[in-house]
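Survey of secondary and tertiary structure
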Amino acid sequence: MKKRSHRRSEKAGLPPGTLMHVGEASAAPVLMRLLDYDAERVEERQVEGIGEVVPPRQGGVLWLDVLGVHAPLLLEKIGQAFALHPLLMEDVLNTEQRPKLEDYEGYLFVVLKRLGFDRREGRVSESQVSIVLGAGFVLSFQESGGPLFEPVRQRIRGTRGRLRKLGPDFLLHALIDCVVDEYFGVLEQVGEEIERLEEQILDRPSPVAMRTLHRLKRELIALRRSVWPLREVIGGLDRSDSTLLSPGVELYLRDVYDHTIHVIDTVESYRDTLSGLLDVYLSSLSNRMNEIMKLLTIISTIFIPLTFIAGVYGMNFRHMPELEWRWGYFAVLGGMLAVALALVVFFRRRRWL
Amino acid sequence: MKKRSHRRSEKAGLPPGTLMHVGEASAAPVLMRLLDYDAERVEERQVEGIGEVVPPRQGGVLWLDVLGVHAPLLLEKIGQAFALHPLLMEDVLNTEQRPKLEDYEGYLFVVLKRLGFDRREGRVSESQVSIVLGAGFVLSFQESGGPLFEPVRQRIRGTRGRLRKLGPDFLLHALIDCVVDEYFGVLEQVGEEIERLEEQILDRPSPVAMRTLHRLKRELIALRRSVWPLREVIGGLDRSDSTLLSPGVELYLRDVYDHTIHVIDTVESYRDTLSGLLDVYLSSLSNRMNEIMKLLTIISTIFIPLTFIAGVYGMNFRHMPELEWRWGYFAVLGGMLAVALALVVFFRRRRWL
Amino acid sequence: MKKRSHRRSEKAGLPPGTLMHVGEASAAPVLMRLLDYDAERVEERQVEGIGEVVPPRQGGVLWLDVLGVHAPLLLEKIGQAFALHPLLMEDVLNTEQRPKLEDYEGYLFVVLKRLGFDRREGRVSESQVSIVLGAGFVLSFQESGGPLFEPVRQRIRGTRGRLRKLGPDFLLHALIDCVVDEYFGVLEQVGEEIERLEEQILDRPSPVAMRTLHRLKRELIALRRSVWPLREVIGGLDRSDSTLLSPGVELYLRDVYDHTIHVIDTVESYRDTLSGLLDVYLSSLSNRMNEIMKLLTIISTIFIPLTFIAGVYGMNFRHMPELEWRWGYFAVLGGMLAVALALVVFFRRRRWL
Amino acid sequence: MKKRSHRRSEKAGLPPGTLMHVGEASAAPVLMRLLDYDAERVEERQVEGIGEVVPPRQGGVLWLDVLGVHAPLLLEKIGQAFALHPLLMEDVLNTEQRPKLEDYEGYLFVVLKRLGFDRREGRVSESQVSIVLGAGFVLSFQESGGPLFEPVRQRIRGTRGRLRKLGPDFLLHALIDCVVDEYFGVLEQVGEEIERLEEQILDRPSPVAMRTLHRLKRELIALRRSVWPLREVIGGLDRSDSTLLSPGVELYLRDVYDHTIHVIDTVESYRDTLSGLLDVYLSSLSNRMNEIMKLLTIISTIFIPLTFIAGVYGMNFRHMPELEWRWGYFAVLGGMLAVALALVVFFRRRRWL
Amino acid sequence: MKKRSHRRSEKAGLPPGTLMHVGEASAAPVLMRLLDYDAERVEERQVEGIGEVVPPRQGGVLWLDVLGVHAPLLLEKIGQAFALHPLLMEDVLNTEQRPKLEDYEGYLFVVLKRLGFDRREGRVSESQVSIVLGAGFVLSFQESGGPLFEPVRQRIRGTRGRLRKLGPDFLLHALIDCVVDEYFGVLEQVGEEIERLEEQILDRPSPVAMRTLHRLKRELIALRRSVWPLREVIGGLDRSDSTLLSPGVELYLRDVYDHTIHVIDTVESYRDTLSGLLDVYLSSLSNRMNEIMKLLTIISTIFIPLTFIAGVYGMNFRHMPELEWRWGYFAVLGGMLAVALALVVFFRRRRWL
């Protein structure tokens, strides 16, 4: 788990609605990108302060994309400018929320988790994306910056972009779709790791494989916590009777919903596969033990009686008739060989050899 | 898992409704078979382009069966000709959908998975079948060609075919029935593999059996993902209040629904059986270990003391009275025999021998 | 699993409603028993063809009990005589149905599973019983003949039989009650087998016990598949608003429902018990291994050092002062004894002895 | 499981409503205690036959407490006197019912399980308590006599007893409360057994502990079957709209409901604890095995090479230069010591010693 | 588990509503703090008896915070002063309640569990907090005193405190929020313990780690029992239609609800992690066993044959030609070396060395 500069428990005792950033501290400045568009035109610019943000125009869509949530003061101002509830702004700052959908009067609030996969460490990383859909505007807040929404911006800028002719609810859909689409890439990478692990375990089980298995299991536990609530969120949007959602957007939301189910299904089947791999690993440990013991037993069973015979004829009794025999030595050697062969036949019969 | 030429994650960032084939690339041409029938007559032909498709006539049924979904342009044209939503056509091309039912205004959209069993590799293969039911027409899209719907065509061609007198909803039922019927064959083959595995594990457990078990488990995980959603799909059709479904078709849909439940039941009980087999396998490994250790312990416990006695009389002390005795050697041999017999009796008592 | 002459997959491709017997082939003739009764009189006879069946009289009950479902032609005639839906008749013939309740217009259709326990093979056998309740008549179809419904017939024949005064819905209840009552006997026998197994595993675990455990587990998986759907069937009858069921029968159906829940509870607790027995078995295997290893370790640890000492004094060095000592031999014997005693004390302290 | 004189399966085939005692046979006479009370007065007496029972008076409460259900004839008379349904009386006699609530017209019927804990055998025993609540009367039937309801009687007799001023529904609550209160005692005893077992397993795991664990697990399976349905029963009473229940009693029923949930929670956490103990037990078996094997390996690894060296110098070759050396013997002894020390250091480094 | 002075079972048989303290006895006096505030003013004082408590004024909020519930008489008086139901007061005293919400006419009753973590013993401790919300007043009862609600008091005292302008329902929310906030601290500490355990198990598995794992598992079972019902409680408040809750408080309750879900999620993923750690632990035990056995087998397999050879040439036969050879001794030593090397190569090939 990543170290956090502010831990959740430090918030205990503060009144609800207090804006305090819970999550990784960051020194990077908070970037804000404004897109103001309608069917005819697109205006796009980087804004510095909330003063530069114009109110949403009739028929147009205003999209303010905020990269970074570690500036409580700035976010408080944004909240006031758009008349957002303090509890909502608190959730934007506290990046340890579960994905959720909240229907405030006048706007919808969606919290999502963006996923990434750090191939070197084999870790799934998580960052929070909060989106507010209001009348004529969409606000998006990202915990960690990155070119997540660039494809959406390009679709808006493009001249034949259907998106420009549609309302802010379609923009909301496009943003959610962006977030969910990233999941498939993460799942494919996890899936590849699982396949590599499978080969390794079937081929040559080792404690290292067990550690990898344990790590992947923990990653899937974390993944599950991000993905399961998503279903409720998008299902909730689909069933919502909010006037902010036009009837046409429903089909598109259902499409994202299907993707979410697909993601959940995949996560669940990965879990099943991992638990199957654990069984394979444990059984192969048992098998190896059997192999080792078999070898020890074969060697011991063959040589212990022989050594005993040698020991007998190494005794120093004065009267041991065999010792005097002409062919005694060779007879004993022959006897030993016979015993050894008998035991080999015995093990062959039991299919140990 | 099969290699795919286009992976799901490559679609990320594209606007929804973009037609891009996700699935195995194919060089085979897309075949289209048209059946235009009513109670009196049947017309059947292979069509090349969408221009050859006549509009559905009043009272008749038009069935367009498309084999292959790797031609986006052609499919786009079909979509336009029948006024289908771009999201629907996207789902037809993206063959990694879960089975689902969608009620678009004016038509119903059903996605199913066709199953096959590759006996040589012991793998269940999957391909997508999408069906659109509209007023007077049925469109079916198969990912991979094969004589799946031939029995339906024969029932339509036949003179006493009841199907010809009925509407397109009965055709939809017939097609779904075809797909579900194939499942029983696949399940029977999986069931036979499980029975073979069971015999093998009860008879002679080996790491190979464990691998087979693991593979079958993975196959069942995949099977489950195809079969469980089917229940919702057909149950949804049964409960649907769409005007495209006549009241008479309900009983038939319920019949397919029963088959689906039967399939799910079977898959679940196979899973239970496999997890029982794992227990049997692991316990038999433990048993074998016990057998091996028992043998080693018996041999060691009998011979180690004897070897010790031989060692004692192999010592070179000047004053060892026993060595001088007339019958010392035979006395010791007798003593050894007595010890060995005592140990054999001891093991018999413990039922180790 | 029993071999079946017609496998389910052979039906694939046939139109629904096609009457083909799926199940074990039988050469025995199909028997039909007719009971025609009302409060005053009872008429009972064996009929040969459907022509002999009189239509149900006003106020009376007609009960046709068909033993054997392997004669498609005869059954088709019965279906036509009572105007039954072809899908219903198909389900009667296909004896691999799950228990289910279907509400056709004009009649109710109930499919049940009759259970038997083959004590010699320790197998639960299953056969299908289908019952149709119509206005004034009850049809029952049994896959395998047997004196299942004889007690009901006797209650009808008897002069004080309450059943004779009541309608066909009470007859339906009586028949279902008969089927469910048989379950208790089967469960008691399975329960006894489990108790025997428990004693065996606690007493003297062996691979044979593991096989028995596995077999019983499989039997319970099969049992579950017959019993769980029963709950829905009888619960569905209880909640049904069909006019064929009079209000008075409800209490009686609830009574059977309670029996069903009792059966399910028992099956589930048997499953729990079996999985507990598996734990006991595996842990006792580990215990035995510990016992075996302990013995080996004790013997080895005591004798290996002694044998080493004997070996030392068996060396042939010219200058070994101890060998010349008068009491050297006895001193070494004493030393060996001391070592052995010390090790025995050591093991005692560790409570290994 | 206790032997039963009449087994459930013996009832198979009898018409429903047939009164036959299923349960342990008893030679003790059936006792009947009658309490007839209202706010002003209490009349209490032992009755012999049903003839002595007076009809319930307006505004008063009549409570007939029947100890023993093994007298079908007597119970049939009671049923007739209070106009109870034969199915109800059948359930009273058949003491293998699950806890349940049934709403007959005119009276409510509650079946509960009374629990006891036999400390010597470590077994939870079960006996059935059936209660009928009618207009102005309460009938209670106990399978096995005991001073279960004595506290309730004392509260009625007492002059300040609030219970006397309230209707029969409050009496029903008091009786149920009595039964549920007993559960806490049983659970505490089971809990103590589990704690003892835990100490034993953590301290000194043995096959005996495993048997205790298995026994407790079975007891909890049985306990669960008695306790889970209780929730539905009391929840059902709480939600019931029967006119026999006055609004005031609801709060009290909710209170018992909370107790039931508490009991269920406890049973479930006991199950979790037991399954955790199984893990502890199994892992400690593995640990012990490791300890045993470690000892064997250390002893063997140290002495086997030494014995080999001794063996080498015990060979009888004519030309073995070392044997002639002056200090050969001591050099070899020193070498052996060096080898032994090196191995000890080796094991120390691996932290085996 | 902590010893309790009064056990739950001792209450059995007492009439419901009897006030008897079930929980740890305490000699500390019961403290009562009164806060009487409205938007303008705050009055705060310590009260000794219930006589000092003024009735709630119109528009103001009266908050009586009672620390300690071991004084039945005092609590009875409080109950009477605020006209609370005896069952409610019984629940306040019986500190073994599950978290619950009850809607009495005229007031709402909430039972919560306060959690603490005893770092030294690694134990989660639990104490009960009961809150009554009435018209104009809030009563809070804490089983064990502590500065739990101090932050709320400070927010009320503060001049800009929003809380002072709001009704008693917001005070209820603030108190619940306090309790839930404490959970995060407990969970973080448990989480740290789990991480330490994880490092330990991955690094150096030992029976001590297994005991820690078992203890943490038990703690999580207990934690779950406190946390799961919380969800229903707060969800119930959120959905409640009680007039005591103003519409504005809903958003705040939903916020606490989210926190609760977060807590439950964390507990569940801790459980998953622990069960994963058990697998790691068990597999590492098996691995160690393999390591140990490998060493034993290598040593034995190399030296046993060599010792046998030495034994052969230690035999005392008169006619053993090799013994007479000039280089016999060295030839045998060389042969032994060759055998040893061959075995080393053999083990290298099998990758055992």
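Residues numbered from 1 in each chain as written. Chains lettered and ligands numbered in written order. Predicted model: local features only at pLDDT ≥ 70, side-chain atom pairs only at ≥ 80, totals over all residues.

1. What to know about the overall build of chain A
Our working rule: The secondary structure listing takes helices from DSSP runs of H or I that are at least 4 residues long and strands from runs of E that are at least 2 residues long, numbered from the N terminus. The globule rule used here is 2.2 Å times the number of residues to the 0.38 power, and the radius of gyration it is set against is calculated over C-alpha atoms. Counting other C-beta atoms within 10 Å of its own, a residue is labelled buried from 20 upward, exposed at 12 or fewer, and partly exposed in the gap between, with every C-beta atom placed from the backbone. Note on contacts: each residue gets a C-beta atom placed from the backbone, and two residues are in contact if those atoms are within 7 Å.
Helix and strand counts for chain A come out as 8 helices and 7 strands. Against the 2.2 N^0.38 benchmark of 20 Å for 353 residues, chain A shows a C-alpha radius of gyration of 35 Å, more extended than a compact globule. Here chain A, with 353 residues, has 42% of them falling under the buried criterion. In chain A, 67% of the contacts between residues at least 6 apart in sequence involve partners at least 24 apart.

2. Some points on the interface of chain A and chain E
Rules: Three categories are distinguished: nonpolar for Ala, Val, Leu, Ile, Met, Phe, Trp, Tyr, Cys and Pro, charged for Asp, Glu, Lys and Arg, and polar for the others, with Gly belonging to the last.
Between chain A and chain E, the residue contacts involve 44 residues of the former and 47 residues of the latter. At the level of elements, helix 5 (207-239), helix 6 (249-312), helix 7 (321-324) and helix 8 (328-349) of chain A are the ones that each hand at least two residues to the side of chain A that touches chain E. In terms of residues, the side of chain A that touches chain E owes the most to one element, helix 6 of chain A, which gives 17 residues. Here the side of chain A that touches chain E is composed, by residue class, of 23 nonpolar, 10 polar and 11 charged.

3. A look at the packing of helix 4 (residues 168-203) of chain A against helix 6 of chain A
Residues and elements named next belong to chain A. Defined as follows: Each axis is a line fitted through C-alpha atoms, and for a helix only the stretch in contact is used; angles between axes span 0 to 180 degrees, taken between their N-to-C directions. Under this scheme an angle from 65 to 115 degrees is roughly perpendicular, one under 35 degrees roughly parallel, and one over 145 degrees roughly antiparallel; angles in between are oblique. Note on convention: near helix rotated counterclockwise from far helix by under a right angle means a left-handed crossing. Clockwise means right-handed.
It is at 10 Å that the axes of helix 4 and helix 6 come closest, and there the two elements cross at 15°. When the axes of helix 4 and helix 6 are compared, the pair comes out roughly parallel. Helix-helix and strand crossings are classified by hand; for helix 4 and helix 6 the assignment is left-handed. Taken together, the residues of the contact of helix 4 with helix 6 sort by class into 20 nonpolar, 6 polar and 3 charged.

4. What about the environment of A222 of chain C?
Residues and elements named next belong to chain C. Structurally, the position occupied by A222 is in helix 5 (residues 207-239). The partly exposed category is assigned to A222, around which 18 C-beta atoms lie within 10 Å. Expressed as a C-alpha distance, the spacing of A222 and I176, which sit 46 residues apart in the sequence, is 20 Å.

5. Quick word on the relation of the copies chain A and chain E
Stated formally: Overlaid copies result from least-squares superposition on C-alpha atoms, with residues included only where pLDDT is at least 70 in both.
Turning chain A through 72° and shifting it by 0.2 Å along the axis lays it on chain E, with an RMSD of 0.1 Å. The relationship between the two copies is best expressed as a five-fold rotation axis. Residue G314 of chain A of chain A places its C-alpha closer to the rotation axis than any other residue of that unit, at 4.8 Å. A share of only 18% of interface residues in chain A that are also interface residues in chain E marks the association as one of differing surfaces.

6. Some thoughts on the sheet that holds strand 4 (residues 100-104) of chain A
All names here are of chain A. Under the convention used in this document: At least two bridges found by DSSP between two strands is the condition for calling them paired.
Spatially, 2-1-3-7-6-5-4 is the arrangement adopted by the 7 strands of the open sheet, whose pairing is mixed. Two strands lie at the open edges of the sheet, namely strand 2 (42-47) and strand 4, each paired on one side alone. Adjacent strand axes in the sheet meet at a mean angle of 15° when their direction is disregarded.

7. Re the pairing of strand 1 (residues 31-37) of chain B
Consecutive side chains of a regular strand alternate in pointing toward one face of the sheet and then the other. All names here are of chain B. As defined by bridge partners, strand 1 adjoins strand 3 (residues 61-67) across 7 bridges and the pair is classed as antiparallel. Across the sheet, the residue bridging to M32 is V66, located in strand 3. Pairing of strand 1 with strand 2 (residues 42-47) involves 6 bridges; the strand directions are antiparallel. Within strand 2, the residue paired with Y37 across the bridge is V42.

8. Considering helix 8 (residues 328-349) of chain E
All names here are of chain E. To keep things clear, this is the line we draw: In this analysis, the expected span of each helix is defined as 1.5 Å times one less than the number of residues it contains. To be clear, the arc concerns the directions from the helix axis to the C-beta atoms.
Taking 1.5 Å of rise per residue, 22 residues should cover 32 Å, and helix 8 covers 31 Å from first to last C-alpha, within 8% of that figure. Of all the residues in helix 8, the buried ones are G328, Y329 and V332. The arc enclosing the buried residues of helix 8, seen along the axis, measures out at 110°, which places them on a common side. Helix 8 presents G334, L337, A338, L341, V345, R348 and R349 as exposed residues on the side facing more than 90 degrees away from its buried surface. Phi turns positive one or two residues past the end of helix 8, at R351, with a value near 60°.

9. A short note on the domain arrangement of chain A
Definition in use: An automatic or database domain assignment supplies the start and end points of every domain.
You can read the domains of chain A as domain 1 (8-283) and domain 2 (290-349). Inter-centroid distance (C-alpha atoms) of domain 1 of chain A to domain 2 of chain A is 75 Å.

10. A look at the sheet that holds strand 2 (residues 42-47) of chain C
Hydrogen bonds between backbone atoms are what pair the strands of a sheet, whose relative direction is either parallel or antiparallel. All names here are of chain C. Reading across the sheet, the 7 strands line up as 2-1-3-7-6-5-4 and stay open at both edges, with mixed pairing between neighbours. Here the strands that pair on one side only, and so sit at the sheet edges, are strand 2 and strand 4 (100-104). With strand direction ignored, the average angle separating the axes of adjacent strands in the sheet is 15°. The pairing of strand 3 (residues 61-67) with strand 7 (residues 137-142) spans 6 bridges and is classified as parallel. Within strand 7, the residue paired with L67 across the bridge is Q142.

11. Looking at the pairing of strand 7 of chain C
Residues and elements named next belong to chain C. Counting buried residues in strand 7 gives 6 out of 6 residues, a clear majority hidden from the surface. Where burial is concerned, the two faces of strand 7 agree: the one with F137, L139 and F141 and the one with V138, S140 and Q142 are both buried. In this structure, strand 6 (residues 123-134) lies alongside strand 7, joined through 6 bridges in antiparallel fashion. Each residue of the ladder has a partner; that of L133, found in strand 7, is V138.

12. Considering the packing of helix 6 (residues 249-312) of chain E against helix 8 of chain E
Residues and elements named next belong to chain E. Where helix 6 meets helix 8, the axes come as close as 10 Å, and the angle between the chain directions of the two elements is 160°. By the angle class used here, helix 6 and helix 8 are roughly antiparallel. Crossing geometry of helix 6 relative to helix 8 is assigned as right-handed. For the pair helix 6 and helix 8, the contacting residues are I298, T301, I302, P305, L306 and I309 in the first and V332, G335, M336, V339, A340, L343 and F347 in the second.

13. Focus: unusual backbone geometry
Residues and elements named next belong to chain A. A positive phi angle is found at A83, which is not glycine, with a value near 55°. Relative to the helices and strands, A83 resides in the loop between helix 1 (72-81) and helix 2 (86-93). Residue classification places A83 among the exposed residues on the basis of 10 C-beta atoms within 10 Å.

14. What to know about the confidence of the model for chain A
Residue and element names in this part refer to chain A. Note the following rule: Across the chain, each position has a pLDDT score giving the predictor's confidence in that residue, from 0 to 100.
Within chain A, residue pLDDT values average 86, and 94% of them lie at 70 or more. Confidence scores differ between elements of chain A, with helix 7 showing the lowest mean pLDDT of 84 and strand 7 (residues 137-142) the highest of 93. Between residues 1-5, whose pLDDT stays under 50, and residues either more than four places distant or in other chains, the model counts 5 contacts. The ipTM for the predicted assembly is 0.82, set against a pTM of 0.86.

15. What about the environment of S206 of chain E?
Relative to the helices and strands, S206 of chain E resides in the loop between helix 4 (168-203) and helix 5 (207-239). Separated by 188 residues in sequence, S206 of chain E and T18 of chain E place their C-alpha atoms 50 Å apart.

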